Amino acid sequence: MIPALLILVLLAGALLLVWWSQERILFQPPRLLEAPPESGRVSYEAIDGQRLAGFIVGEPKRAPGVLLCFHGNADLAMWQLDWAKLVQRYTGFAVFLAEYRGYMSLGGNPTYSTTKLDARAAYDHLRIGFGIDRTHLAYFGHSLGSAVAAELAEIHPPVALVLQSPLSSARAMARLIVTLPVVLVWRTISRIHFDTVKVVSDLDVPVSVVHGRSDRIIPSRMGVEVYEAAKRKGKLLLVEGAGHNDVAEIAGEEYWHWLTESLKPKPGTKPSTQPRAGTPTAPSR
């Protein structure tokens, strides 16, 4: 029989390991095997001095709106360029593919806290660097990026929040990948506090969701949960046979119709200009 003290030591060790490694598990920058393209690339800086980069597709100042996009945890902004060109073709929107620190050979380490800084930096670059009014800004997030986009919307409301394969909360994801004892003390050990369901329930912005019904990474029930929690509901699309990364390909024209409708009414409809009560006006450092 294993002594109770040994069990406690092993459990404490497991919890410590989760505490230390959780962001290493969450953020998985792919190995860069090719040089990022220079066409459309823009550079900017976060409030803490970290240099960042992204890609602009289209003409932000001439387009009817700009879609600010955040990708998932094992993706790269440069890999979304073909998708962004299709977004521009179908919707007329210019697209800004924002990158996180630690990805695409950028310096720094990605963490929950730095995603706030990086998202805010991308927003500021569009607002200040390009002179884009917030009434012409919509946000898009895929997978982990859906939580990043939602948290930015909480501080700076866009005209629309468009989420693909969103997670409902970090705690809910933890239930899928870690053991019960860890989940029970999640609030104590977690440094990751994404809670998209809570954010959208208070957000005075239309929230649209698309999710593959065969998604094995983030179950489609989470996407439905996010949509149903939204204070203002946009468009919901559940795609039969689609997994986590092939929703647009499987859905085809139905996907592009969903996205186009999700971005209506066209920018010009003024969103709330006030942050939610109790929300800081600048990201925490």
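1. Some remarks on the packing of aromatic side chains
Note on aromatic pairs: each is described by the distance of the centres and the angle between the planes.
Phase 1 of the analysis: Under the criterion given, the structure shown has seven aromatic pairs.
Phase 2 of the analysis: Residues Tyr255 and Trp258 carry aromatic rings whose centres are separated by 5.5 Å and whose planes lie at 45° to one another, so their mutual orientation is tilted. Taken together, the residues span about one helical turn, with Tyr255 and Trp258 both in helix H11 (residues 253–262) at a distance of three residues.
Phase 3 of the analysis: Residue classification places Tyr255 among the buried residues on the basis of a relative accessible area of 0%.
Phase 4 of the analysis: For Trp258, a relative accessible area of 4% translates into the label buried.
Phase 5 of the analysis: Through pairs of rings, three or more aromatic residues link up here, namely Tyr90, Tyr255, Trp256 and Trp258.

2. A word on the packing of helix H3 (residues 112–129) against helix H4 (residues 144–155)
Phase 1 of the analysis: Where H3 meets H4, the axes come as close as 10 Å, and the angle between the chain directions of the two elements is 65°. You can see that H3 and H4 cross each other, and the crossing is right-handed. Residue-level contacts link Tyr112, Thr115, Lys116, Ala119, Arg120 and Tyr123 of H3 to Val148, Glu151 and Leu152 of H4.
Phase 2 of the analysis: For the contact of H3 with H4, the class distribution of residues is five nonpolar, one polar and three charged.

3. Comments concerning helix H2 (residues 81–91)
Phase 1 of the analysis: Turning to H2, its buried residues are Leu81, Trp83, Ala84, Val87 and Thr91. Viewed end-on, H2 has its buried residues packed into an arc of 155°, placing them on one side of the element. Facing away from the buried side of H2 by more than 90 degrees, the exposed set consists of Asp82 and Arg89.
Phase 2 of the analysis: Contact partners of the buried residues in H2: strand E2 (51–57), strand E3 (66–70), strand E4 (94–98), strand E5 (137–142) and H11.
Phase 3 of the analysis: In the segment just after H2, Gly92 is the residue with positive phi, at about 85°.

4. A look at the pattern of salt bridges
When their charged atoms lie close together, side chains carrying opposite charge are able to pair.
Phase 1 of the analysis: Under the criterion given, the structure shown has eight salt bridges.
Phase 2 of the analysis: The salt bridge involving Glu240 is made with Arg213; its shortest N-O contact spans 2.8 Å. Taken together, the positions of Glu240 in the loop between strand E8 (232–239) and helix H10 (247–251) and Arg213 in the loop between strand E7 (206–212) and helix H9 (220–229) put the pair 27 residues apart, joining distant regions of the chain.
Phase 3 of the analysis: Residue classification places Glu240 among the exposed positions, given a relative accessible area of 56%.
Phase 4 of the analysis: With a relative accessible area of 42%, Arg213 lands in the partly exposed category.

5. What to know about the nonpolar core
Phase 1 of the analysis: With 87 residues, the main nonpolar core has Leu68, Trp83, Leu161, Phe194 and Tyr255 as its most contacted residues.
Phase 2 of the analysis: Ranked by residue count, the leading element in this core is H4, at seven residues.
Phase 3 of the analysis: Once residues lying within four places of it in the same chain are set aside, the contact partners of Trp83 are Leu67, Cys69, Val95, Leu97, Phe140, Tyr255 and Trp256.

6. Considering the pairing of E4
Phase 1 of the analysis: Extensive coverage of E4 is indicated by the burial of five of its five residues.
Phase 2 of the analysis: A two-sided burial pattern is seen for E4, the buried positions comprising Ala94, Phe96 and Ala98 on one face and Val95 and Leu97 on the other.
Phase 3 of the analysis: For E2 and E4, the ladder comprises four bridges, and the chain directions are antiparallel. The partner of Phe55 across the bridge, within E4, is Leu97.
Phase 4 of the analysis: Read from E3 through H2 to E4, the crossover connection turns out right-handed.

Each value, and the rule that gives it
- Residues numbered from 1 in each chain as written.
- Predicted model: local features only at pLDDT ≥ 70, side-chain atom pairs only at ≥ 80, totals over all residues.
- Heavy atoms only, no water.
- Phe/Tyr/Trp six-rings, centres within 6.5 Å; stacked < 30°, edge-to-face > 60°.
- Helix = DSSP H or I, 4+ residues; strand = E, 2+ residues; numbered from the N terminus.
- Buried < 20%, exposed > 50% of the residue type's maximum accessible area, 1.4 Å probe, protein only.
- Axes fitted to C-alpha atoms, helices over the stretch in contact; angles between N-to-C directions.
- Left-handed = near helix turned anticlockwise from the far one by under 90°.
- Contact = heavy atoms within 4.5 Å.
- Nonpolar A, V, L, I, M, F, W, Y, C, P; charged D, E, K, R; others polar.
- Arc of directions from axis to C-beta.
- Salt bridge = Lys/Arg side-chain N within 4 Å of Asp/Glu carboxyl O.
- Core = buried A, V, L, I, M, F, W, Y, C linked by side-chain atoms within 4.5 Å.
- Pairing = 2+ DSSP bridges.
- Right-handed = clockwise from strand over helix to strand, strands pointing away.

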